[in-house]
Amino acid sequence: MIDLRSDTVTIPTAEMREAMGQATVGDDVYGEDPTVNALEERVAEILGKEAAMYMPSGTMTNQVAVRTHTEPGDEILIDENSHIYFYEAGGTAALSGVICSLISGERGVFGSKEMEAVISEKEPHTTIMRPVDLHLPRSKLVCLENTNNRGGGKVWPLEKLAEVEKTARANDLKMHLDGARIWNAAAALKVHETEIARYFDSISVCFSKGLGAPVGSALVGSDDFIMEARRFRKQFGGGMRQAGIIAAGALYALENNRIRLSEDHANAKSFANGLAEIKGIEINPEDVETNILIFSLTDMSSHEFSQRLSEQDTHMLPWDNTSIRAVTNLMVSEKQIPEVLEQIRKTLSG
Ligand SMILES: *Cc1c(COP(=O)(O)O)cnc(C)c1O
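This write-up is about the structure you can find in this document. (Residues numbered from 1 in each chain as written. Predicted model: local features only at pLDDT ≥ 70, side-chain atom pairs only at ≥ 80, totals over all residues. Heavy atoms only, no water.)

With respect to the site of the ligand
The condition is simple: By convention in these notes, a residue is near a molecule or strand provided one of its non-hydrogen atoms lies within 4 Å of it. Pairs of N or O atoms are called polar contacts if they sit within 3.5 Å, as long as, within protein, a hydrogen donor faces a hydrogen acceptor (for residues adjacent in sequence, only side-chain-to-side-chain pairs). A run of DSSP states H or I qualifies as a helix once it reaches four residues; a run of E qualifies as a strand once it reaches two. Both are numbered from the N-terminal end.
Taken together, Ser57, Gly58, Thr59, Asn62, His83, Glu88, Glu145, Asn149, Asp178, Ala180, Arg181 and Lys209 are the residues near the ligand. One nitrogen or oxygen atom from the side chain of Asn149 is found 3.0 Å from an oxygen atom belonging to the ligand. In the model, a nitrogen atom of the ligand is placed 2.6 Å from a nitrogen or oxygen of the Asp178 side chain. Broken down by element, the residue count for the shell around the ligand peaks at three residues, all from helix 3 (residues 58–69).

See below:
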């Protein structure tokens with residue numbers, strides 16, 4: 001089976017299970033799980049921040065971050081294609097009671113111009129987003145996503161991060177990064193994760209996607225921020241006990257699988273180059289910056305395509321009626337790419 005539906009499908013390897021089996025554990029709600037503590041220290045160190053908190057999922061991590069930065073009735077600025085807005089079941093409204101003012105970016109990436117478009121709509125004569133006018137919600141936060149999932153794994157250029165941060169600071173806004181795939185962004189830019197994290201007050205990262213751990217994410221930020229966020233993790237039901245068992249998988253993934261993500265990117269690129277040669281498929285390989293690729297079908301519905309492909313035991317998800325999303329991952333090897341391309345040729349010609 002070749003599974004390109006997502007990078008969440010990865011299964012722990014024997015070595016990772018070994019590390020999990022050996023993990024020393026304690027009660028993490030009491031702060032007594034040595035493996036969770038080691039993971040939190042390590043991930044804070046990699047991102048160049050003071051503290052981190054292990055979390056059950058990326059969704060909960062983002063939602064706890066939004067809750068910690070805001071009060072009900074506040075406003076957050078967020079791209080219309082972001083996971084927090086699009087894929088978290090309305091959590092920002094349900095759990096934090098905030099309104100989302102939507103920024104129209106390009107594959108999830110925007111600049112101060114697009115931010116200011118949202119601001120000036122509200123307050124035509126000023127760029128101050130947190131006006132004293134009591135009619136208006138208080139703007140507290142801007143959320144970015146790197147790489148951008150719905151944008152097909154688009155990476156934020158560092159200059160854009162600097163530009164957005166400048167506008168955010170000028171308007172007294174905090175910066176949150178949904179960095180579920182920050183590892184991929186760093187690998188694609190060939191920079192250390194710190195170079196991305198430095199623009200942000202808080203960052204959520206994921207261990208169970210490209211890194212291949214079975215469970216977990218982390219929220220990273222200052223000591224004060226994480227201390228406050230621990231209260232909301234508990235309130236949202238995310239306090240875990242002997243979580244060292246799963247944290248050991250995350251720690252293993254961080255140390256061993258982070259460095260190999262460029263292999264997934266190379267596989268995605270060669271897959272895209274191969275797809276571009278196939279009649280009935282449209283894709284611009286230059287759009288493929290990391291491990292996610294989205295391609296269009298000109299002669300077959302995406303549902304029929306993915307159905308026929310799955311009969312050959314290769315799996316991809318329809319993105320909309322005419323396009324397909326594929327995500328290279330730890331469990332897909334370089335030599336399987338030509339195999340998949342051959343199956344696709346067969347699917348489209350037969
Ligand atoms: C997957 C994902 C999440 C959520 O992670 P879960 O662990 O599935 O809740 C958040 N943000 C982005 C960009 C993601 O791709």
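Don't stop here, the text continues.
Examining the sheet that holds strand 4 (residues 99–103)
Rules: For two strands to count as paired, DSSP must find a minimum of two bridges between them. Comment: axis = line fitted to C-alpha atoms, over the contacting stretch for helices; angle = value between 0 and 180 degrees taken between N-to-C directions.
Strand order across the open sheet formed by seven strands is 2-8-7-6-5-3-4, with mixed pairing between neighbours. Of all strands in the sheet, those bounded by a partner on one side alone are strand 2 (51–55) and strand 4. Strand-to-strand, the axes of this sheet are offset by a mean angle of 20°, without reference to chain direction. Where strand 6 (residues 174–179) meets strand 7 (residues 202–206), four bridges bridge the pair, whose relative direction is parallel.

What to know about the packing of aromatic side chains
Just so we agree on the cut-off: Think of it this way: a Phe, Tyr or Trp ring, Trp meaning its six-membered ring, pairs with another when their centres are within 6.5 Å, and the plane angle makes it stacked under 30 degrees, edge-to-face over 60, tilted otherwise. Two conditions define a charge sitting above a ring: the NZ of Lys or the CZ of Arg must be within 6 Å of the ring centre, and it must be within 35 degrees of the ring normal.
Taken as a whole and assessed by the stated rule, the structure comprises six aromatic pairs. Aromatic side chains Phe232 and Phe236 sit 6.5 Å apart centroid to centroid with 55° between the ring planes, which places their arrangement in the tilted category. Taking 6.5 Å as the distance between ring centres and 80° as the angle between the ring planes, the aromatic pair formed by Phe271 and Phe295 counts as edge-to-face. Pair noted here: Phe271 is in helix 12 (residues 261–276) and Phe295 is in strand 10 (residues 292–297), with a separation of 24 residues, a long-range link. Ring pairing ties together the aromatic residues Phe271, Phe295 and Phe305, which thus form one cluster. Positioned above the aromatic ring of Phe86, the side-chain terminus of Arg150 is 3.6 Å from the ring centre.

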